[in-house]
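An overview of the molecular structure
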Amino acid sequence: MTRPLTPSLPLQYSAEVAAAKARGAPIVALESTIITHGMPYPGNLDMARSVERIIREEGAVPATIVVIDGVLHIGLEDAQLEALSQSEGAMKVSRADLAFAIAERRTGATTVAATMIGAALAGIKVFATGGIGGVHRGAEETFDISADLEELARTGVIVVCAGAKAILDIPKTLEVLETRGVPVVTYDSPVFPAFWSRDSGLKSPLMLNSPAAIANFQAVREELGITGGMLIANPVPEADEIPREEMEIYIARAIDNAERDEIAGKAVTPYLLDNLFHLTDGRSLKTNIALVENNARLAAEIAVALVD
Amino acid sequence: MTRPLTPSLPLQYSAEVAAAKARGAPIVALESTIITHGMPYPGNLDMARSVERIIREEGAVPATIVVIDGVLHIGLEDAQLEALSQSEGAMKVSRADLAFAIAERRTGATTVAATMIGAALAGIKVFATGGIGGVHRGAEETFDISADLEELARTGVIVVCAGAKAILDIPKTLEVLETRGVPVVTYDSPVFPAFWSRDSGLKSPLMLNSPAAIANFQAVREELGITGGMLIANPVPEADEIPREEMEIYIARAIDNAERDEIAGKAVTPYLLDNLFHLTDGRSLKTNIALVENNARLAAEIAVALVD
Amino acid sequence: MTRPLTPSLPLQYSAEVAAAKARGAPIVALESTIITHGMPYPGNLDMARSVERIIREEGAVPATIVVIDGVLHIGLEDAQLEALSQSEGAMKVSRADLAFAIAERRTGATTVAATMIGAALAGIKVFATGGIGGVHRGAEETFDISADLEELARTGVIVVCAGAKAILDIPKTLEVLETRGVPVVTYDSPVFPAFWSRDSGLKSPLMLNSPAAIANFQAVREELGITGGMLIANPVPEADEIPREEMEIYIARAIDNAERDEIAGKAVTPYLLDNLFHLTDGRSLKTNIALVENNARLAAEIAVALVD
Ligand SMILES: [Mn+2]
Ligand SMILES: [Mn+2]
Ligand SMILES: [Mn+2]
């Protein structure tokens, strides 16, 4: 199943992205793990189509990034999106194994880190996601820290998210980002958000109030020769949030359940997210969809500001 | 307040630095946080002028690095230095937010990390400071580690300091520097210094005895294509030191006081430094000034050796 | 003893490596710490010669990397190898001090990190070693983590080893490699090996079954612009292994002995390795030699596949 050594990377742009690149139009990268691992069919397809529509409404072009049968796709045709939303057994690829999926002709859904690599390769400067990976609770004992943080320190892409998932250790996640020199900018709010909630209880390191200011900040970073990315934390709209006090009770309960069921290692995060879905009667998923749509809108506005 | 997108970085050299660059003369970068956040007026101005004078006496040119109203200055005219020494409300900028201060037309004093970025941008290879940031005590629980260590691993500037401030966790700071491949060289002493004291109780990883040997070591690193910086630990002169046994008692007391007063997070370091000033009847500040002057002298000698 | 500032690096290729470079033949880099610090004379010389012979038998050229009296050697003539195997007082150099040994005209044996730097400098893409450094047991308190992991994240060399030495904290070592985006590929086995044993009890992140597949994976990484290295974990042959259950008893005993004898810091690893030699009646050394030879063979096959 190994691809023979070839001089050229199997890379496929969607027609829409290829055209946007040719005319210098704004493009927003999107990850694919949320489609293959984050939500069940057909909700995942509805969400993906809705996000693409929002980006187009704002005057930008969506570019979902994914490896399908060893081909790195930058942007999908709608039929490919539909097929991906029903595919099973996709790898979840990060910096370490994005090239593995290509070399071994596998299908690999991209995490935040791998999406950033694909975006940078394609010259796309903005990327909308739900929440980034971060420092896991208990990392002082396990050393379990997402490769997303490293990628932010390394790759020059603006990542728009709703904070880090609150099942992570958010204070430690902010410490690692500070140590690595990654700007953390909350959009139009002085407090760092916590994915499902607008407020993590932590002050945000930086705040900006317009897409133009974000675009300008990144432009100055490039002029200084600073090569890494930037995290834009966009709080979920008030109407869609699950307030922090409420969410923390659910999270504590989910963590208790995981311990009772002796869940460990890589199984913990999916278990917690599934448990939260049930504990919140499905509200956690509705909030997740709302925040991804909200991030897509802001990312498109930033992409437009970057080409202005 | 956002700066409009411009193709060129607002960067201003002092007349003296511009002339030195033009003729290839030795230059020593200086940080600005020590002026705005490290010492009160007018002591900070006296210290800054004294340091600049020492560097000139050794045949090099001082280049204080700071962002003033969105302009990145490499070297200050004396009137600017005086104004800075009395300015209030300056940000304290590191890798994550140096560009933010420029983009948002703010005033930002540079930490070790941001000064290294400015120096590298201006082609300055040596930088004198008091002490670098490092791993904070309790970092095994808080993950609080200064971005200075990351910058040393990344940016090719020789940083001359008197060690890491002894309120930090010095053994862990040395471990992180080793992991990141940063050379730690003590000048003319086999023991790593502890800022106010000549001896931290820890053996230094490397030792060199002349500015020429330091310059040569860095030249070989560049020939090998190794891109990061180097830490030169220059023990404070014996006449000015507060011996380690004495200093450790003050530090333990200051840490107790911080706990009693429930100081946490970013407030801890300024609290401890202020508390040490009182516990030592002002000697900690006198030692601080003496070691900065001592580092300026060595940095100038290294800068001269680098152009020889 | 300081070398005068020179524009050219003192770098010496062996005749065999120079010829191989000229004709584009496959080359395998080898470390030198295993010779100077890893095994006593004359066993170290026998092992080194045997490893070089195996690489030649597979159609590649061996390039032992070492600094001798300030000259960086890429490949040694046999008389130099013999002299090195009997030399005393060599430094053990990593990223931080490889250039120091050159600048100060010292003799420095290269660790995994320094060997990778030398290999990359010489355009050599594959390197065979015994085991890499990693996260030390207790690192959650000491922060003692080998610079080898950082180098793997940075430098584009394929490192063939038998896993991490089992005296390290292997789960944390794998976490750090994942965080840093380093591919960890076990050769032809689904479980990550533990140096003396074929099985560490941990699933391997990735698996490949042929040198061609490994060569291809690395080629795709380069096409993606991913700059770091790759870890190939090659389990020791079954006939030579000390099974995990047995080895864990010896390791636990050696750690107890180290505590009883109050061994700390950098003295711990050599103490443990020596203690294991005695506890296993010399079998740990025999296994070590067998796995290095096994890795040399696979590395040569990968080097051949890379030029095919
Ligand atoms: Mn993880
Ligand atoms: Mn901090
Ligand atoms: Mn160590």
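Residues numbered from 1 in each chain as written. Chains lettered and ligands numbered in written order. Predicted model: local features only at pLDDT ≥ 70, side-chain atom pairs only at ≥ 80, totals over all residues. Heavy atoms only, no water.

Chain A carries the name Pseudouridine-5'-phosphate glycosidase in an unreviewed UniProt entry, which gives Shinella fusca as its organism. According to its UniProt record, chain A has this under Subunit (unreviewed entry): "Homotrimer." Recorded in UniProt under Catalytic activity (unreviewed entry), the annotation for chain A is "D-ribose 5-phosphate + uracil = psi-UMP + H2O". (UniProt positions renumbered as here; feature names shortened; annotations may be inferred.)

**Here's the deal with empty space enclosed by the protein**
Going through the model one piece at a time under the given rule, you end up with six cavities of 30 Å³ or more. Roughly 680 Å³ of internal volume is contained in the largest cavity. Surrounding the largest cavity, 30 residues form its lining, A:I145, A:R180, B:I145, B:R180 and C:I145 being those nearest its centre. Grouping the constituent residues of the lining of the largest cavity by class yields 15 nonpolar, five polar and ten charged. (1 Å grid on protein atoms, 1.4 Å probe; cavity = no way out; pocket = protein on both sides within 12 Å on 5 of 7 lines; lining within 4 Å. Points joined across faces, edges and corners; volume = space filled by probe spheres on them. Nonpolar A, V, L, I, M, F, W, Y, C, P; charged D, E, K, R; others polar.)

**Remarks on the pairing of strand 3 (residues 61–68) of chain A**
Residues and elements named next belong to chain A. Counted residue by residue, strand 3 has seven buried out of eight residues, so it is predominantly covered. Alignment of strand 2 (residues 27–30) against strand 3, held across four bridges, turns out to be parallel. Bridging across to strand 3, L30 finds its partner in T64. Relative to strand 4 (residues 71–74), strand 3 runs antiparallel, the two sharing four bridges. Following the sheet pairing, V67 is matched in strand 4 by L72. Two successive antiparallel strands, strand 3 and strand 4, enclose a turn made up of two residues, where D69 displays a positive phi of approximately 45 degrees. Pairing geometry for strand 3 and strand 6 (residues 108–110), over two bridges, is antiparallel. Each bridged residue has a counterpart across the sheet, and for V67 the counterpart in strand 6 is G108. (Buried < 20%, exposed > 50% of the residue type's maximum accessible area, 1.4 Å probe, protein only. Helix = DSSP H or I, 4+ residues; strand = E, 2+ residues; numbered from the N terminus. Pairing = 2+ DSSP bridges.)

**A word on the nonpolar core**
Formed by 318 residues in total, the largest nonpolar core has its most connected members in B:I132 and C:I132. In contact with B:I132, not counting residues within four places along its chain, are B:V112, B:D148, B:L149, B:L152, B:V159, B:C161, B:G163, B:A164, B:K165, B:L168, B:L177 and B:L231. (Core = buried A, V, L, I, M, F, W, Y, C linked by side-chain atoms within 4.5 Å. Contact = heavy atoms within 4.5 Å.)

**Re unusual backbone geometry**
Residue A:P42 is reached from A:Y41 by a cis peptide bond, and omega for that bond is 5 degrees. Counting through the fold element by element, A:P42 comes out in the loop between helix 2 (33–38) and helix 3 (43–57). Positive phi is not limited to glycine here, since B:D188 has a value of about 60 degrees. Among the structural elements, B:D188 can be located in the loop between strand 9 (184–187) and strand 10 (191–194). For B:E262, which is not glycine, the phi dihedral falls at a positive 55 degrees.

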